[in-house]
Amino acid sequence: MRSAGIRTAPNGQAASAAALETAAAHLPGQTRLTRIALIGNPNSGKTSLFNQLTGLNQKVGNFPGVTVDRKTGISQLTPQHRAEIIDLPGTYSLYPKSLDEKVITDLLYDQTSGQYPDFVIVTADASNLRRNLLLFTQLADLGLPAVLALNMMDVAEQHGISIDLVELQRELGVPVIPMNARKGIGVAALKIVMAQQLDAPAVSFYEPAPELLPMIRQLRDYFNLHNDYLALHYAHQGRHISFLTPDQRAYVAGLVAKYDFEPTTRQAQETIARYARINELLLNAVSVTRTERAEPYSNRIDKVLTHRVWGYLIFILVLFLLFQAVFAWASYPMELIDQGVAWINGLIQTNFDGPLISLLTEGVLAGLGGVLIFIPQIALLFAFIAVLEETGYMARVTFMMDRIMRKFGLNGKSVVPLISGMACAVPAIMSARTIENRKDRLITIFVTPLMSCSARIPVYTVLIGLVVPDQPVLGIFNLRGVALMSLYLLGFVSAVGSAWLMKLFMRTTERSYFIMEFPVYRWPRWKNVGLTIVEKVKAFVFQAGKVIMAISVILWVLASYGPGTAMEQAESQARRVAQTQGLAPAETESRVASQKLESSYAGHFGHFIEPAIRPLGFDWKIGISLLTSFAAREVFVGTMSTIYSVGQDANELTVQQKLAAEKDLNGQPFFTPARSASLLVFYVFAMQCMSTLAATYRETKGWLWPLLQLFYMTGLAYAASLLVYQVLR
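Residues numbered from 1 in each chain as written. Predicted model: local features only at pLDDT ≥ 70, side-chain atom pairs only at ≥ 80, totals over all residues. Heavy atoms only, no water.

S.K.: For this particular structure, what's the right way to read the overall build of the protein?
M.R.: When helices and strands are counted, the protein shows 32 helices and 12 strands. Of all intrachain contacts in the protein linking residues separated by at least 6 positions in sequence, the fraction that spans at least 24 positions is 74%. When the accessible surface of the protein is summed, it comes to about 32,200 Å², and 61% of that surface belongs to carbon and sulfur atoms. (Helix = DSSP H or I, 4+ residues; strand = E, 2+ residues; numbered from the N terminus. Contact = heavy atoms within 4.5 Å. Areas by Shrake-Rupley, 256 points an atom, 1.4 Å probe, with all protein chains shown as cover.)

And the structure:
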């Protein structure tokens, strides 16, 4: 065995000596943007490398299935050479089992496509090279110019694995670059290689059986393919290649039948043959210098974290900690923000007057306050989720929850979308592409919005703060945090219960399975955690915030003006009644504001829908908030803030204080425990998110499932809310 041929560059980055010498041969003039695809096994560091090459901040995680769609970015390879980098979903082979893996084959099978890459960078986990090379050898046999990015060299070294890079490069016939994508080591060397004109690998790793050659030749001629192995893939995947016409698919199917081609058997034979070839070449290129006698620490930790009893208890404890943090720790900065917005509002109202000032304070600033106040909670929630993903714990949670999921008829891979749905349903629904079984995928997409996402936090926290006492539980927990966690559990129970019901109606003979590779435990990269927090907060403020601000301004107009002379008449009547009753000036103004709001356009609209929602305990003001929050749930609080600010003491009261001060016709607090619980339950189940419906439409390619989702969740929310209010009032 030879020692690893690593040359350390002056900047501290290491590269295969032979790779750099080959790459330095020439620097061709760039006539167009070079297109490079990043391909590799799940969790092999593709997205980390993509971020290093492009300077972007795509989400990465110590968690398989983070990338489910292609992403592109631009990399400056040299001062004269730029390249388009395409990050593709992780896959173990070129025979796709799920929709996310089909993204890869759709790209690589069509040479005439304008998106066809000039070459591919295959990321491989150096500590598990044998398995990673299966995909590499398939790509090489497609005739694609390639570079092998040998990632996680530090992990391989920790396990006593020594890799002879020169020998490996000779065996594979492509440049091999050792690197650590997390830390950016080896990226400079990789860019030098990427800037070169690369040829297809001269080495072949698998030859189709001779009896298949007549079929392959016909496929090559018919589709004008350059390669036998690519033609073989057409035979394997003909029915599923998206860019083929129905006639072309029929031609492939005819040949497959004519030659009695068995795809499953042939794929198994190919895999066995490839591993035999990989074993041969690794004998010369890889050696293990140290045998690990002690059990790896990951296995020891897994015995506790995935234990049948302790594993679930620890997970529940983690959830408790998360919700305590979201409620208790975030309360201090939330209070500061709330008071700060109220102070600015009061300052403006004290020194200025007029309709525009009213619009600014009662419309814009009231809506803005409804957005900004929830930043601490959003930041804490995503900080926890990012840390769980970065450490590798989320993969273990997925494994444990698989046992529960199967009892309710869901696929183990459904856990990833469901847990992701606690952050946001849109990417969670997209991550369902990793589920191979169509029925399981549809059920998962259907029930994922029932998981409580971060957009529900504003509604939950405001209403819980109104009716749940701020008192300790067991000395370490807070009752409000327990209430918040109960709402999340209610969403989870409703999701698995709905899945079980759907399972009864949807029949299929397709079998499902769950395979997940556990990543090694790692300390979280705090930079990634910080970036995740910043990106999520920005998304909340600038995406949801824009909607909330726009609706707040519209609502202010609707709540400040009414048809004809309705507003003037309402004011006159309120002042006459106040004079008759001898009310104080402050009470008179409050009555006038209330009467005018009820006579405004918003008031008329609210009264129009009130009969439908009155059985739930809701009045016309809540009705307006329900309708405006259909676009996004978090709009509810901004709407309530705006409605209760119009004509009120917006300069003195915070959002929660405004709601707490609301009285019913009998002069009692309007937001009673029964009414608040009814509203909370409604928001646990209701489909109040246009983006989620759009994501479902995109993933199911039709309006049937989004409409079913909308009517089912709205009906469930109405029925549950009705039941809760009628029982508790």
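Let us keep going from here.
S.K.: I would appreciate a short explanation of the UniProt feature "transmembrane region" (unreviewed entry) in the protein in the present structure.
M.R.: As annotated by UniProt and renumbered to match this structure, "transmembrane region" (unreviewed entry) occupies residues 309–330, 364–388, 408–430, 442–469, 481–502, 540–559, 677–697 and 703–725. Helix makes up 61% of residues 442–469 and strand 0%. Its end C-alpha atoms lie 40 Å apart. (UniProt positions renumbered as here; feature names shortened; annotations may be inferred.)

S.K.: How should I be thinking about helix H27 (residues 620–628) in this particular structure?
M.R.: An α-helical turn contains 3.6 residues, so any two residues separated by three or four positions project in the same direction. Of all nine residues that make up H27, eight are buried, and the element is covered over most of its length. When we look at burial in H27, the residues that qualify are Trp620, Lys621, Ile622, Gly623, Ile624, Ser625, Leu626 and Thr628. Of the residues flanking the start of H27, the one acting as N-cap is Asp619, its side-chain oxygen 3.3 Å from the backbone nitrogen of Lys621. (Buried < 20%, exposed > 50% of the residue type's maximum accessible area, 1.4 Å probe, protein only. Polar contact = N/O pair within 3.5 Å; in protein donor to acceptor, adjacent residues only side chain to side chain.)

S.K.: When you look at the pairing of strand E4 (residues 71–78) in this model, what are you seeing that I'm missing?
M.R.: Residues in a regular strand point their side chains to alternate faces of the sheet. Of the pairings in the sheet, the one linking E4 to strand E5 (residues 81–87) comprises seven bridges and is antiparallel in character. Looking across to E5, one finds that Gln76 is bridged to Arg82. (Pairing = 2+ DSSP bridges.)

S.K.: Looking at this structure, how should I read helix H24 (residues 566–581)?
M.R.: Taking 1.5 Å per residue as the helical rise, H24 with its 16 residues ought to reach 22 Å, and the 22 Å between its terminal C-alpha atoms agrees with that figure. Taken as a whole, H24 has its buried residues at Ala566, Met567, Ala570, Ala574 and Ala578. Down the axis of H24, the buried side of the element spans an arc of 95°, and every buried residue falls inside it. Exposed residues on H24 whose side chains face more than 90 degrees from its buried face are Gln569, Arg576, Gln579 and Thr580. (Expected span 1.5 Å × (residues − 1). Arc of directions from axis to C-beta.)

S.K.: Please explain the nonpolar core as it appears in this structure.
M.R.: A general feature of soluble globular proteins is that nonpolar side chains tend to end up buried together. Val447, Tyr460, Ile622 and Leu679 are the most contacted members of the largest nonpolar core, which has 86 residues in total. Among the elements that take part in this core, helix H22 (residues 479–505) stands out by supplying nine residues, more than any other. Not counting the four nearest positions on each side in its chain, Ile622 is found in contact with Phe636, Met640, Phe670, Phe671 and Leu679. (Core = buried A, V, L, I, M, F, W, Y, C linked by side-chain atoms within 4.5 Å.)

S.K.: Please explain unusual backbone geometry as it appears in this structure.
M.R.: Glycine aside, residues mostly have negative phi, and peptide bonds are mostly found in the trans state. The phi torsion at Asn224 lies on the positive side, around 55°, for a residue other than glycine. Owing to a relative accessible area of 68%, Asn224 belongs among the exposed residues under this scheme.

S.K.: Honestly, the sheet that holds E5 in this entry has me stumped. Any pointers?
M.R.: Spatial ordering of the open sheet is given by E4-E5-E3-E6-E7-E9, a layout of six strands whose pairing is mixed. Across the chains shown, the open sheet's two edge strands, defined by having one partner strand only, are E4 and strand E9 (176–178). Mean inter-strand twist for the sheet, computed between neighbouring axes without regard to direction, equals 25°. Note that strand E7 (residues 146–151) and E9 share three bridges and pair parallel. Bridged to Leu148 within E9 is Val176. Packed onto the sheet, helix H6 (residues 165–172) meets E7 and E9 and runs at close to 150° relative to E9. Here helix H7 (residues 187–194) sits on the sheet in contact with strand E3 (34–40), E4, E5, strand E6 (119–125), E7 and E9, set at roughly 90° to E4. (Axes fitted to C-alpha atoms, helices over the stretch in contact; angles between N-to-C directions.)

S.K.: Can you help me understand a nonpolar patch on the surface in this one?
M.R.: Nonpolar side chains collect at one region of the surface, where Val304, Val309, Trp310, Leu313 and Ile316 lie side by side and expose about 460 Å² of accessible area between them. It is helix H13 (residues 310–329) that provides the largest number of residues to the nonpolar patch, a total of three residues. Mapped onto the elements of the fold, Val304 is located in helix H12 (residues 297–305). (Patch = residues over 30% accessible without salt bridge, like charges linked within 9 Å, V, L, I, M, F, W, Y side chains within 5 Å. Salt bridge = Lys/Arg side-chain N within 4 Å of Asp/Glu carboxyl O.)

S.K.: Sorry, what's going on with the pattern of salt bridges here?
M.R.: Scanning the entire structure with this criterion turns up 18 salt bridges. Between Glu167 and Arg170 there is a salt bridge, with its nearest N and O atoms 2.7 Å apart. Placement of the pair is Glu167 and Arg170 together in helix H6, with a separation of three residues, close to one helical turn. Relative accessible area serves as the criterion here: at 8%, Glu167 is assigned to the buried category. Looking at Arg170, the relative accessible area reads 54%, which means it is exposed. Where Arg266 meets Glu211, a salt bridge forms, and the shortest distance between an N and an O atom there is 3.3 Å. Taken together, the residues Arg266 in helix H11 (residues 263–285) and Glu211 in the loop between H7 and helix H8 (213–223) connect sequence positions 55 residues apart. Judged by its relative accessible area of 48%, Glu211 falls in the partly exposed class. What emerges from the salt-bridge pattern is a single network uniting Asp141, Glu270 and Arg274.

S.K.: Would you explain the environment of Thr34 in this entry?
M.R.: With respect to the helices, strands and loops of the structure, Thr34 is situated in strand E3. Taking C-alpha positions, Thr34 is 8.6 Å from Ala195, a pair spaced 161 residues apart along the chain. The contacts of Thr34, once residues within four sequence positions are left out, are His81, Arg82, Ala83, Glu84, Asp118 and Phe119. Among the polar contacts listed, one links the side chain of Thr34 to the side chain of His81, at a separation of 2.9 Å.

S.K.: Can you help me understand the side chain of Thr444 in this one?
M.R.: Within the element layout of this structure, Thr444 appears in helix H20 (residues 438–447). Looking at Thr444, the relative accessible area reads 0%, which means it is buried. If we skip the residues at most four places from it in the chain, Thr444 touches Leu410, Ser414, Pro417, Ala432 and Ile435.

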